[in-house]
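Here is what each chain is made of, one letter per residue.
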Amino acid sequence: MAGKDSGLVSQAVRLAFDVANGRNALSKLVPPCLFLLDAVLCALVIWKIPYTEIDWKAYMEQVAQFVSGEHDYTAIKGGTGPLVYPAAHVYTYTALYYLTDEGKNIFLAQQIFAGLYMATLALVMICYWRAKVPPYVFPLLILSKRLHSVFILRCFNDCFATFFLWLAIFLFQRRDWTAASIAYSWGLGIKMSLLLVLPAVGIVLLLGRGFSDSLKCAMIMLNIQIAIATPFLQENASGYASKAFELTRQFFFKWTVNWRFVGEEVFLSRPFSLILLGMHALVLTGFIVNKWLKPAGKPLSAIVIPILQLSSPFSPREEPMVASRVTPEYVMTTILSANVIGLLFARTLHYQFYSYLAWSTPYLLWRSGAHPIIQYVLWALQEWAWNVFPSTPISSCVVVGVLASTVALLAIQKDENAAPFPDSTPDRKDA
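What you are looking at is a predicted structure, and each value in this text was computed from that prediction instead of being measured.

1. Focus: the pattern of salt bridges
Under the definition given, this model contains seven salt bridges. Ionic pairing is found between Asp158 and Lys191, a salt bridge with its closest N-O pair at 2.8 Å. You can see Asp158 sitting in helix 7 (residues 158-173) and its partner Lys191 sitting in the loop between helix 8 (177-190) and helix 9 (198-209), a full 33 residues away along the chain. With respect to class, Asp158 is no different from Lys191; both count as buried. Where Lys298 meets Glu318, a salt bridge forms, and the shortest distance between an N and an O atom there is 3.4 Å. Taken together, the residues Lys298 in the loop between helix 12 (270-292) and helix 13 (300-308) and Glu318 in helix 14 (residues 318-324) connect sequence positions 20 residues apart. When its relative accessible area of 22% is taken as the criterion, Lys298 is described as partly exposed. Each of the salt bridges in this network shares a partner with another, and the network as a whole consists of Arg209, Asp213 and Lys216.

Here it is in structure tokens:
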């Protein structure tokens, strides 16, 4: 009898491992089951946990001035200060302003953000599945306390930016380049945090769409930014540019999640900001040269020089071969690694920035080839650190440490699809 019981246990363990690693027909049930479980969790969060006011009231105050006819960005202010987000933020929260009785119906707002959370989670799970991520990674997508808080209890605009980032990734995976460009540009128009992934988006478009068509997509993104900003540009162009994409903003040490361990004097110093900027550029360049451009099968000079001459670095025969290497896995890895590199060297991170990170880390740790135990340990450390409020030197050190570990693991990961094309010809097609 003991031997029979032991055999049953062994079979159950084997079945669990097969399901967790995607080797069983039941594996495909894991994402939808987790999705439904999270839907219940979101309902419980709204029901049981009080809403916390942080930025919602200020958003509504700023929108109220906009709908009253104020289009000068420098004159639009709320309880937390001036309006510092691009125009798509204004339009998005204008819709919420009317839907929630001028922002007074917080309960309805929370329900809307719960729906936004679930819609984003659905996109994330689809993107993961298309990238062939095994089911054992998926529980990490629904277990974050901080992420539920950012979406459902705080109603930050980062939630909408995150949704459009993942919508763009999903559309890039489907090779719907124009729609992906529109989604990304709208997300960027909500919050400039999405600038962190712009280099990766450009490379994905170049390799997947070709030089000429990637320029067309870039023009679409630029035209969207101009179109949505037009009412504000007509009123005060310099005021809009200085506020919507303010790159010289002075950050407050008391709110930092990532650099508290360096001390306030270092945090506020100009040399520290320049070091971060230089390190960001250095690591980003390393990934571009050694990782993201590898599917091109060409040295960097053979890509950059033709682009500077406004011609394609690929021959008509090479373009479809390069495009075939822009797989769903490549899209996810390139865009999410750019995101994490940017967050690692960010001048400061606030708690709402976790919306950009929480769903990136599980994929990148899996993609790095780290052992599943290491993946779960690093994820748990990250989740703990982002839930410490206010941040401490230890928690901020853990935040930076996990980000740095993720980037380092990706850096040493062996590349695929990096071989040069045989019998390549030097002819290129002009833009």
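2. What to know about the nonpolar core
The nonpolar side chains of a soluble globular protein tend to be buried, and buried together. Residues Tyr128, Trp166, Phe172 and Ile335 are the most contacted members of the largest nonpolar core, which totals 134 residues. Each residue touching Ile335, except ones within four places of it in the same chain, is listed here: Leu165, Ile169, Phe172, Val197, Ala200, Val201 and Val204.

Here is what the cut-offs are and how they apply
Residues numbered from 1 in each chain as written. Predicted model: local features only at pLDDT ≥ 70, side-chain atom pairs only at ≥ 80, totals over all residues. Heavy atoms only, no water. Salt bridge = Lys/Arg side-chain N within 4 Å of Asp/Glu carboxyl O. Helix = DSSP H or I, 4+ residues; strand = E, 2+ residues; numbered from the N terminus. Buried < 20%, exposed > 50% of the residue type's maximum accessible area, 1.4 Å probe, protein only. Core = buried A, V, L, I, M, F, W, Y, C linked by side-chain atoms within 4.5 Å. Contact = heavy atoms within 4.5 Å.

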